[in-house]
Amino acid sequence: MTGHPRAAAAALAALTLAACSPRPAADKTEPAPDAPTPTPAAPPAAQSATVGGDGSPIQLSPLTAADREANPLEGELGCGFSAGGPGPLLIAMGVVGSRDPAFGLVKVGDYVERVAAPGGFDGMLKGATFSGRGKTVTIAVTGPARGGGESPPSPATLTYDRADGARRVIEGEWTCGP
């Protein structure tokens, strides 16, 4: 700025005043520079959010072939709960006609956890309640089997209850058989 020193001071004062003034209403739609990143859309209707407990989420992950190899299950026949993902969220094996428990696996985050349900394979056919260290996992069959064949899937819910009172419910399918 070349010119009169008073003009320069007046221009500087006007700029400073403009910078400190509230923005016009049209600018209010822009987020503040430190505004939080928008959150993703809500989970599909088939899955509830974690409710209760200490507020930390219950994140169930699909079991992989490597998970199953590293944590072998004994039994003649098995059941599995799937929710449309790349793998089952729970698998279990039991002996037919046995009163010995059926043993299963569920993966919470990256950690594979063992669970057990009474009644062997037969005790799992119409759903089961599995328990393990600090958790209960209940499979409830909610309708008749769909499709044919030896092991048609049935609609079901998986309810994961954590010892601190947290709960998560996931809709999917329960399939039992060879």
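Please read all numbers here as calculations on a predicted model, not as lab measurements.

S.K.: Please set out the overall build of the protein chain residue by residue, giving values where relevant.
M.R.: When you go through the protein chain residue by residue, the secondary structure sums to 2 helices and 9 strands. By residue count, 29% of the 178 residues in the protein chain fall in the buried class. Counting contacts in the protein chain only where the partners sit at least 6 residues apart, residues at least 24 apart contribute 49% of the total. Accessible surface for the protein chain amounts to roughly 11,100 Å². Of this, 59% is attributable to carbon and sulfur atoms.

S.K.: Which residues make up the environment of Pro-118, and what values do they have?
M.R.: Looking at the element boundaries, Pro-118 is found in the loop between strand E5 (111-117) and strand E6 (127-132). Classification of Pro-118 by relative accessible area gives exposed; the value is 64%. Linking Pro-118 and Ala-128, residues 10 residues apart in sequence, is a C-alpha distance of 8.1 Å. Contacts of Pro-118, omitting those with residues within four sequence positions, involve Pro-101, Gly-123 and Thr-129.

S.K.: Break down the state of the cysteines for me, with residues and values.
M.R.: As enumerated under the stated definition, the model contains 1 disulfide in all. A sulfur-sulfur distance of 2.0 Å marks the disulfide that ties Cys-79 to Cys-176. The sign of the 115° torsion about the S-S bond sets the Cys-79-Cys-176 disulfide as right-handed. Residue Cys-79 is located in strand E2 (residues 77-82), and its partner Cys-176 is located in strand E9 (residues 167-177); the two are separated by 97 residues in the primary sequence. An identical accessibility class is assigned to Cys-79 and Cys-176; each is buried.

S.K.: So what about the side chain of Thr-157? Which residues, and what values?
M.R.: As for its position among the elements, Thr-157 is in strand E8 (residues 154-162). For Thr-157, a relative accessible area of 17% translates into the label buried.

S.K.: Describe in detail the pattern of salt bridges, supporting the description with residues and values.
M.R.: Within the structure shown, the criterion is met by 6 salt bridges. Two residues, Arg-162 and Asp-54, come together in a salt bridge whose shortest N-O distance is 3.3 Å. You can see Arg-162 sitting in strand E8 and its partner Asp-54 sitting in the loop between helix H1 (5-20) and strand E1 (60-61), a full 108 residues away along the chain. Notably, a salt bridge pairs Arg-146 with Glu-173, separated by 2.7 Å at the nearest N-O pair. On the criterion of sequence distance, the pair formed by Arg-146 in the loop between strand E7 (135-141) and E8 and Glu-173 in strand E9 is long-range, its members being 27 residues apart. Here the salt bridges do not stand alone but share partners, grouping Asp-54, Arg-162 and Asp-164 into one network.

S.K.: Talk me through the nonpolar core; I want residue IDs and the actual numbers.
M.R.: Leu-60, Phe-81, Leu-90, Met-124, Phe-130, Leu-158 and Trp-174 are the most contacted members of the largest nonpolar core, which has 24 residues in total. If we skip the residues at most four places from it in the chain, Leu-90 touches Leu-63, Cys-79, Gly-80, Phe-81, Leu-105, Val-115, Phe-130, Val-137, Leu-158 and Trp-174. Membership of the second largest hydrophobic core comes to 5 residues, among which are Leu-73, Ile-91, Leu-105 and Val-112.

S.K.: Kindly report on the pairing of E6, identifying the contributing residues and their values.
M.R.: The pairing of E6 with E7 spans 6 bridges and is antiparallel. In the sheet register, Ser-131 faces E7, and the bridge partner there is Thr-136. Linking E6 to E7, which pair antiparallel, is a turn of 2 residues; within it Gly-134 sits at a positive phi near 75°.

S.K.: So what's going on with the environment of Val-96? Residues and values would help.
M.R.: Mapped onto the elements of the fold, Val-96 is located in the loop between strand E3 (90-94) and strand E4 (102-108). What Val-96 contacts, discounting residues up to four positions off in sequence, is Glu-76, Leu-77, Phe-121 and Asp-122.

S.K.: With reference to specific residues and values, describe the pairing of E7.
M.R.: One ladder, built from 7 bridges, connects E7 with E8; its direction is antiparallel. Pairing of Ala-140 across the sheet is with Thr-157, part of E8.

Conventions adopted
- Residues numbered from 1 in each chain as written.
- Predicted model: local features only at pLDDT ≥ 70, side-chain atom pairs only at ≥ 80, totals over all residues.
- Heavy atoms only, no water.
- Helix = DSSP H or I, 4+ residues; strand = E, 2+ residues; numbered from the N terminus.
- Buried < 20%, exposed > 50% of the residue type's maximum accessible area, 1.4 Å probe, protein only.
- Contact = heavy atoms within 4.5 Å.
- Areas by Shrake-Rupley, 256 points an atom, 1.4 Å probe, with all protein chains shown as cover.
- Disulfide = S-S within 2.5 Å.
- Salt bridge = Lys/Arg side-chain N within 4 Å of Asp/Glu carboxyl O.
- Core = buried A, V, L, I, M, F, W, Y, C linked by side-chain atoms within 4.5 Å.
- Pairing = 2+ DSSP bridges.

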